[in-house]
Amino acid sequence: MNSRPTADRPTADRPAPELLGIYLNDHLTGASAGTELLRRAARSHRDTALGPPLAALAREVAEDRESLRAVMAGLGVPESRGRAALGRLAEKAGRLKLNGRLFTRSPLSDVLELEAMRLGVEGKACMWRTLQALADRGARVDGARLHELVLRAERQIRILETLRGERSAQVFAPEVAGATAGRRRSAARFPGHAAGRSTA
């Protein structure tokens, strides 16, 4: 019985082409959804401090999507049009999530979207690292270019984390301050009850 790997038998060192195709198409779908999300967020904040960095990130993520398409073409992985359509639907469905308001944009949407953007870029960085490892094993991908893309994704993560932290503080800090002030006023008026003690 011949146990040597054949051209159509995947091994631990050589992933099955169909699995790699599914993996890369899933990331391409995510890249398309992320691009649309960033563009929409940039439009929503075009008159605020968030607008310019979000617009710049939207351009970069769109460029990264084209870099992924180039990698897929080099590996002979066809693009799945059906998955791309599903990605567009998923991005639109994401707009329907509850955010505390029915008819207007909630500040909470900013926080949730920035978190989603960061998670998306984290996943993209993992994909570039996976492809980098395949390049080290002889896959037909440019390892030096992938290293640049990893560094770029790490910079994008830092930018999004800064924006997320600043926006979270703007959205939640006033509520926390208000609740704290309310407890202090209550404690001043009813010191025994606020402390959980009986004054009898």
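Residues numbered from 1 in each chain as written. Predicted model: local features only at pLDDT ≥ 70, side-chain atom pairs only at ≥ 80, totals over all residues. Heavy atoms only, no water.

K.L.:
For this particular structure, what's the right way to read the pattern of salt bridges?
P.N.:
Where charged atoms of side chains with opposite charge meet at close range, the side chains can pair. Scanning the entire structure with this criterion turns up 15 salt bridges. With a shortest N-O distance of 3.3 Å, Glu36 and Arg39 are connected by a salt bridge. With Glu36 and Arg39 both in helix H1 (residues 17–44) and three residues apart, the pair spans about one turn of that helix. Among the salt bridges present, the one from Arg145 reaches Glu148, with a minimum N-O distance of 3.1 Å. Here the residue Arg145 and the residue Glu148 both occupy positions in helix H5 (residues 143–189), the gap between them amounting to three residues, near one helical turn. (Salt bridge = Lys/Arg side-chain N within 4 Å of Asp/Glu carboxyl O. Helix = DSSP H or I, 4+ residues; strand = E, 2+ residues; numbered from the N terminus.)

K.L.:
I'm lost on the nonpolar core in this one. Help?
P.N.:
Most often, soluble globular proteins keep nonpolar side chains buried together rather than apart. The biggest cluster of nonpolar side chains holds 34 residues, and the ones touching the most others in it are Leu24, Leu54, Leu75, Met117, Trp128 and Leu131. Every element with two or more residues in this core is listed here: H1, helix H2 (51–75), helix H4 (107–136) and H5. Counting residues per element, this core draws most heavily on H4, which supplies nine residues. Ignoring any residue separated from it by four or fewer positions in sequence, one finds Leu75 in contact with Leu20, Leu24, Leu131, Ala139, Arg140 and Val141. (Core = buried A, V, L, I, M, F, W, Y, C linked by side-chain atoms within 4.5 Å. Buried < 20%, exposed > 50% of the residue type's maximum accessible area, 1.4 Å probe, protein only. Contact = heavy atoms within 4.5 Å.)

K.L.:
Looking at this structure, how should I read the packing of H2 against H4?
P.N.:
Working note: a packed helix pair is described by the angle between its axes plus the distance between those axes. Here H2 crosses H4 at 30°, and the two axes come no closer than 12 Å. As the angle between them shows, H2 and H4 are arranged roughly parallel. As for how H2 packs across H4, the hand of that crossing is left-handed. Facing Leu54, Val61, Asp64, Ser67, Leu68, Val71 and Leu75 of H2, the residues of H4 in contact are Leu114, Met117, Lys124, Met127, Trp128 and Leu131. For the contact of H2 with H4, a count of residues per class yields ten nonpolar, one polar and two charged. (Axes fitted to C-alpha atoms, helices over the stretch in contact; angles between N-to-C directions. Parallel < 35°, antiparallel > 145°, perpendicular 65-115°, else oblique. Left-handed = near helix turned anticlockwise from the far one by under 90°. Nonpolar A, V, L, I, M, F, W, Y, C, P; charged D, E, K, R; others polar.)

K.L.:
Any chance you could explain the packing of H1 against H2 here in plain terms?
P.N.:
Orientation of H1 relative to H2, taken along the N-to-C sense of each, is 160°, at an axis distance of 8 Å. Our classification of the angle between H1 and H2 gives roughly antiparallel. Viewed along their axes, H1 and H2 form a crossing whose handedness is left-handed. The class makeup of the residues in the contact of H1 with H2 is 16 nonpolar, six polar and three charged.

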